Amino acid sequence: MSDVIAVVPQPLVVEPADLAPYVVGPATVVVVPGADADDPALPAAVLVADLLGRAAGHAVQVRFEDPGVPGAVRVRLADGEQAGLPAGDEAYRVLVGPDEVLLEARCAEGLVHAVVTLRQLLRELPDGRLEVPAVRIEDAPRYAWRGLTLDVARHFVSVPDLKVVIGLLAHYKLNVLHLHLTDDQAWRLDVPSRPELVRRSSARSVDGDPGGHYSAADWEDLLAFAHARGIRVVPEIDVPGHVNAAQHAYGELTPTGEPAEEYLGIGVGFSRLHADLPATRPFLEDVFADVARMTPGEHVHVGGDEVLTMEPEEYARLVRTALEAVTAHGKTPVGWQELAHVPDLPPGTVVQFWDDRVEPEPFVAAARAGARFVLSPASRVYLDMKYDADSPLGLEWAGHVDLADAYCWEPEDVLPGLPPGAVLGVEAALWTETLRTLDDLTTMLLPRLAAVAEVAWSAPGPRDLDDLTRRLTAHGDFWDRLGLAWYRSPQGRWGERVG
Ligand code: ACM
């Protein structure tokens, strides 16, 4: 058994204590001292009771009264100042000793981070019992936005599969799931104002593979599942390009008035809305109003990428209509980097930088005018890129992305000249042109998602790949225990006894 405290992302403070470990056993009970049924600490308490119970093979209770006996896992929201937690909303502390575990944070999201940290610390003994090494961990993230873009348009991802992905995001302390819900091939979210979108344009995926869509009830279920794990869902409706599925459902969005043919290939850049058609503006206003109403989070993503057949003036007009529809409903818009070329973006607009083959100047100018950046440089965090030339899955247009590529980079160097504070965070992306199954998704995510999560969470500094791979060894064992497919990158140290 490895003695490495194998937490990923690396916490700010890890202090192993020279004490006996905590052993999960019949005395283990989760306590939320003095709680009532509305206590914001309760979801995290239920999560930790569930995970300890499942890992140990017996039910673990949640109690509001502290029994004051050895074995308690206490879950507590604390006043940050008094508790001496690191700064920031998401800060948390995990204290493990032989007789008790304390999980403490300022808010519910921080408690989820404490819970998953405890999960990463669990070790199985040869006799099957579970123990947690005695340790003090205190931690807070570097960036507030740590996400994954997931393309559910090219290949549909079912609700149960999406919940597995959400679980992985939480495990690596990512807090944004950005769903790319619409594209040329399909439209995946049922919106009340345009029922034909999913009725006509969701049944299939690329190459004629099976499709699907999220009903309003599915959407609520996903949002609640994500919320309980500290994750916000950012829905993307991609306009004014990547719209063939919308034009297949509604012929009024094409110049001839005839519905577009279904498209199940993987080309990009050929479809576009038309600013001068009477149906276009109501379509944008209604659809973004629907999505804003269906989504409690602050952000709605308007797409804006790869519109290859439109003059800048028409592009700006269409994007502006989408942006206004989003802000009219009290949301802050997000868009791909092409948005940076639109003058006078609404204050606080979030620009997602992805194509790192370009010069930084227009983005620096947009940031000076108030835009904020989420960084998804394709050559680092597009996790649909092949690991190497032999990878059976994935694409190669941004090169090969192995573990070291995903890990050894500095976000603040991606766009030199950005004003301080312009970078909100980092978002990996998984496009699904070639990815059909949950195994395909997790093979591309693992191990690279853990590396990107550490770049987004942990303190800046030179990235020590050797240190990451030492910690990731135990994670490979964990993915195996969960039955997840993953890629044994030759850059890792899988199966080694590392200490
Ligand atoms: C993108 O990869 N087209 C955002």
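Calculation notes
- Residues numbered from 1 in each chain as written.
- Predicted model: local features only at pLDDT ≥ 70, side-chain atom pairs only at ≥ 80, totals over all residues.
- Heavy atoms only, no water.
- 1 Å grid on protein atoms, 1.4 Å probe; cavity = no way out; pocket = protein on both sides within 12 Å on 5 of 7 lines; lining within 4 Å.
- Points joined across faces, edges and corners; volume = space filled by probe spheres on them.
- Helix = DSSP H or I, 4+ residues; strand = E, 2+ residues; numbered from the N terminus.
- Contact = heavy atoms within 4.5 Å.
- Pairing = 2+ DSSP bridges.
- Axes fitted to C-alpha atoms, helices over the stretch in contact; angles between N-to-C directions.
- Patch = residues over 30% accessible without salt bridge, like charges linked within 9 Å, V, L, I, M, F, W, Y side chains within 5 Å.
- Areas by Shrake-Rupley, 256 points an atom, 1.4 Å probe, with all protein chains shown as cover.
- Salt bridge = Lys/Arg side-chain N within 4 Å of Asp/Glu carboxyl O.
- Buried < 20%, exposed > 50% of the residue type's maximum accessible area, 1.4 Å probe, protein only.
- Parallel < 35°, antiparallel > 145°, perpendicular 65-115°, else oblique.
- Left-handed = near helix turned anticlockwise from the far one by under 90°.
- Nonpolar A, V, L, I, M, F, W, Y, C, P; charged D, E, K, R; others polar.
- Core = buried A, V, L, I, M, F, W, Y, C linked by side-chain atoms within 4.5 Å.
- Phe/Tyr/Trp six-rings, centres within 6.5 Å; stacked < 30°, edge-to-face > 60°.

A. Up close: empty space enclosed by the protein. Enumeration over the complete set of coordinates arrives at one cavity of 30 Å³ or more. Size it by volume and the largest cavity reaches roughly 50 Å³. Lining the largest cavity, in full, are Asp184, Gln185, Ala186, Ser201, Ser202, Ala203, Arg204, Asn244, Ala245, His248, Glu262 and Tyr263. Among the elements that make up the lining of the largest cavity, the one with the highest residue count is helix α7 (residues 244–249) (three residues).

B. Spotlight on unusual backbone geometry. Of the consecutive residues valine 8 and proline 9, the connecting peptide bond is found in the cis state with omega at 0°. Tracing the chain through its elements places proline 9 in the segment before β1 (13–16). A cis amide bond links leucine 446 with the next residue in sequence, proline 447, at an omega value of 15°. Non-glycine residue aspartate 207 carries a positive phi angle of around 65°.

C. Structural view of the side chain of aspartate 384. Relative to the helices and strands, aspartate 384 resides in the loop between α11 (378–381) and α12 (403–407). With near-sequence residues (within four places) excluded, aspartate 384 lies in contact with Gly394, Leu395, Ala429, Leu430, Trp431, Glu433, Met444 and Arg448.

D. Focus on the sheet that holds strand β17 (residues 372–375). Pairing in this closed barrel of eight strands is parallel, and the strands run β11-β12-β13-β14-β15-β16-β17-β18 around the ring. On average, adjacent strands in this sheet sit at an angle of 30° to one another, irrespective of strand direction. Of the strand pairs in this sheet, strand β11 (residues 145–151) and strand β12 (residues 176–180) are connected by five bridges, and their pairing is parallel. Residue pairing in the sheet places leucine 148 in a bridge with leucine 177 of β12.

E. Quick peek at a nonpolar patch on the surface. A surface patch of nonpolar side chains, about 210 Å² in accessible area, is lined by Val46, Val62 and Phe64. Residue placement: phenylalanine 64 occurs in the loop between β4 (62–63) and β5 (72–77). For phenylalanine 64, a relative accessible area of 30% puts it in the partly exposed group.

F. Layout of the packing of helix α4 (residues 159–171) against helix α6 (residues 216–228). Between α4 and α6, the shortest axis-to-axis distance is 10 Å and the interhelical angle comes to 15°. Comparing their axes, α6 and α4 come out roughly parallel. Pair α4 / α6 crosses with right-handed handedness. Facing α4, whose interface residues are Val159, Leu162, Lys163 and Ile166, α6 presents Asp218, Asp221, Leu222, Phe225 and Ala226. The residue makeup of the contact of α4 with α6, split by class, is six nonpolar, no polar and three charged.

G. Local environment of the nonpolar core. The biggest cluster of nonpolar side chains holds 119 residues, and the ones touching the most others in it are Leu150, Trp187, Tyr214, Phe288 and Phe373. Considering every element that reaches this core, the biggest residue donor is helix α9 (residues 312–328), with eight residues. With near-sequence residues (within four places) excluded, tyrosine 214 lies in contact with Val152, Phe156, Val157, Val159, Leu162, Leu181, Arg188, Leu189, Asp190 and Leu222. The next biggest cluster of nonpolar side chains, apart from the first, holds 37 residues, and it includes Leu51, Leu52, Tyr92 and Val94.

H. Broad picture of the packing of aromatic side chains. The full count for this structure, using the stated rule, is 15 aromatic pairs. Pairing tyrosine 382 with tryptophan 431 gives two aromatic rings, centres 6.0 Å apart and planes at 50°, and the pair type is tilted. Here the residue tyrosine 382 occupies a position in the loop between α11 and α12, and tryptophan 431 occupies one in the loop between β18 (423–430) and α13 (438–445), the gap between them amounting to 49 residues. Both rings, one in tryptophan 486 and one in tryptophan 494, keep their centres 4.6 Å apart while their planes meet at 70°; by these two values the pair is edge-to-face.

I. Region of interest: the pattern of salt bridges. Scanning all chains against the criterion turns up 30 salt bridges. We note a salt bridge from arginine 204 to glutamate 262, for which the minimum N-O separation is 3.0 Å. With a gap of 58 residues between them, arginine 204 in the loop between α5 (196–201) and α6 and glutamate 262 in the loop between α7 and α8 (280–294) connect regions that are remote in the sequence. Arginine 204 gets classed as partly exposed once you look at its relative accessible area, which sits at 39%. Salt bridges here are not isolated pairs; linked through shared partners, they connect Glu15, Arg76, Arg93, Glu104, Arg136 and Glu138.

J. Here's a closer look at the packing of α8 against α9. As a packed pair, α8 and α9 sit with axes 8 Å apart at the nearest point and diverge in direction by 30°. For the pair α8 and α9, the sense of crossing is right-handed. Only Leu318, Thr321, Ala322, Ala325 and Val326 of α9 make contact with α8, whose side of the interface consists of Thr280, Arg281, Leu284, Glu285 and Phe288. Of the residues assigned to the contact of α8 with α9, the class counts are six nonpolar, two polar and two charged.

K. Up close: the layout of surface pockets. Each pocket or cavity is described by its volume, and for the largest pocket that value is around 1,200 Å³. Counting residues per element, the ones that place at least two in the lining of the largest pocket are α1 (42–56), α3 (108–121), β8 (123–124), α4 and α15 (465–482). Ranked by residue count, the leading element in the lining of the largest pocket is α15, at seven residues. Residue composition of the lining of the largest pocket, by class: 23 nonpolar, six polar and 11 charged. Elements supplying a minimum of two residues to the lining of the second largest pocket: α6 and β13 (232–239). Across the lining of the second largest pocket, the residue classes break down as seven nonpolar, five polar and four charged.

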